Amino acid sequence: MKNLQMKKLLTSTIAAAAMIASAQSAQAASVISSFNVDITLTSACSVSTPANLTFAYTALQAVPATATSPFSVTCASGLPYTVGVSGNSVTDDAVGLAYSLAITAPVGGGTGTGLSQAYSIDGTIASGQAGTCISASCVNTAATNKTKTVTVTY
Amino acid sequence: MHESLPLKAHTYPAIAARVISFVVLLALWASPSYAAQASAQFDVFISLGVPNADLCRSSTQIGSFGEAVVVTCSSGEIVDFSGDTSAFPWSVTRGDAYRFATLAPTSAASLGTVNSYAGLGPVSSWRRVNFAGRDYLELTISW
């Protein structure tokens, strides 16, 4: 009887030792290989299309006429850029009124933030101009120089 | 002790080419690597109106006495002076005119005596003009 108990104890011990050995062998060894994530970022800017600039002017009026059109510029963060507008001082070839266009920049404008930056185009028609109009009122629909381009250079 | 050997004549073009290449590469390196652009277009619309008081221009030059004069106003209305002008005949003018304007006296008493005279010589005309709530006396002398 005692030999039987000893035999069971021995069997259990051997089984436990085998399980421990088996568990130790399940721990996998590690081999490490590292790599880099390389990213090439091409800097770019985008500009929204400004709304049309609309003036209402009365011939020989005593005060300048003004109009404003907002637009936005979005550039990669940290990227320097400049904003310009074509034909910023011109005489409309349909109604004969001279006007000027200027860009108003926000604080921090000229360097991209990755976010939209608000700009505006401010137009002015100086006072005292007669213009060209053979009727009670005229619009410059037929003007060939009424289309302007706002350009962001980066 | 080594003596420096004189450069052979045919080596100068090669050196010059290398120098030019270096300068070009240096310029390319120093200049911005790109100058890209983004752009958008918009239109400038102008509505031009004319004041209530018409702007009128004569479409004919000064001609002979009695000649019809056509004046076109900004409203598009054509004013013809060739009709019956016997009541207020136009003065004969052959050249330019000077125009003066001054504030009109507020009372007739201060105007004094106006010596009217019509005869050969420069033509003068007077009229009272009301502008912005004030009266002006306008004198035009033509010849």
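Below: a short report on this structure.

The rules we used
Residues numbered from 1 in each chain as written. Chains lettered and ligands numbered in written order. Predicted model: local features only at pLDDT ≥ 70, side-chain atom pairs only at ≥ 80, totals over all residues. Helix = DSSP H or I, 4+ residues; strand = E, 2+ residues; numbered from the N terminus. Buried ≥ 20, exposed ≤ 12 C-beta atoms within 10 Å, placed from the backbone. Pairing = 2+ DSSP bridges. Core = buried A, V, L, I, M, F, W, Y, C linked by C-beta atoms within 7 Å. Contact = placed C-beta atoms within 7 Å. Axes fitted to C-alpha atoms, helices over the stretch in contact; angles between N-to-C directions.

## As for the overall build of chain B
Move 1: Counting its secondary structure elements, chain B contains 1 helix and 7 strands.
Move 2: What you see in chain B, going N to C, is helices and strands ordered as α-β-β-β-β-β-β-β.
Move 3: The buried share of chain B, reckoned over its 143 residues, is 4%.

## Quick notes on the pairing of strand E6 (residues 98-104) of chain A
Within a regular beta strand, the side chains point alternately toward one face of the sheet and then the other, so they alternate between its two faces.
Residues and elements named next belong to chain A.
Move 1: In the sheet, strand E5 (residues 89-91) pairs with E6 via 3 bridges, with the strands oriented antiparallel. Paired with Ser89 across the bridge in E6 is Ser100.
Move 2: Counting the residues between successive antiparallel strands, the hairpin from E5 to E6 contains 6 residues, one of them, Gly96, with a positive phi of roughly 65°.
Move 3: The sheet contact formed by E6 and strand E7 (residues 116-125) spans 6 bridges and is antiparallel. Looking across to E7, one finds that Ile103 is bridged to Ile121.

## Description of the nonpolar core
Move 1: Counting residues in each nonpolar core, the largest one holds 30 residues, and the members touching the most others are A:Tyr57, A:Val95, A:Leu97, B:Ile46 and B:Leu48.
Move 2: When residues of this core are traced back to their parent elements, those giving at least two are strand E2 (53-58), strand E3 (65-75), E6, E7 and strand E9 (147-153) of chain A together with strand E1 (37-49) of chain B.
Move 3: Looking at which element gives the most residues to this core, the answer is E3(A), with 5 residues.
Move 4: When sequence neighbours within four positions are dropped, the list of residues in contact with A:Val95 reads A:Gly131, A:Thr132, A:Cys133, A:Cys138, A:Asn140, B:Ile46 and B:Leu48.

## Here's the deal with the interface of chain B and chain A
Move 1: Contacts between the two partners involve 21 residues from chain B, matched on the other side by 41 residues from chain A.
Move 2: Where E2(A) meets E1(B), 6 bridges bridge the pair, whose relative direction is parallel. The residue of E1(B) that forms the bridge with A:Thr58 is B:Gly49.

## Some thoughts on the sheet that holds E3(A)
Residues and elements named next belong to chain A.
Move 1: Within the open sheet, the 5 strands sit side by side as E1-E3-E7-E6-E5. Their pairing is antiparallel. The open sheet is flanked by strand E1 (45-47) and E5, the only strands paired with a single partner. Direction aside, neighbouring strands of the sheet carry axes that sit 25° apart on average.

## Overview of the environment of A:Thr82
All names here are of chain A.
Move 1: Within the secondary structure layout, Thr82 lies in strand E4 (residues 82-85).
Move 2: The class of Thr82 is partly exposed, set by 13 C-beta atoms lying within 10 Å.
Move 3: When the C-alpha positions of Thr82 and Tyr154 are compared, they lie 6.6 Å apart, and in sequence the two are 72 residues distant.
Move 4: Residues in contact with Thr82, not counting those within four places in the same chain, are Gly110 and Thr153.

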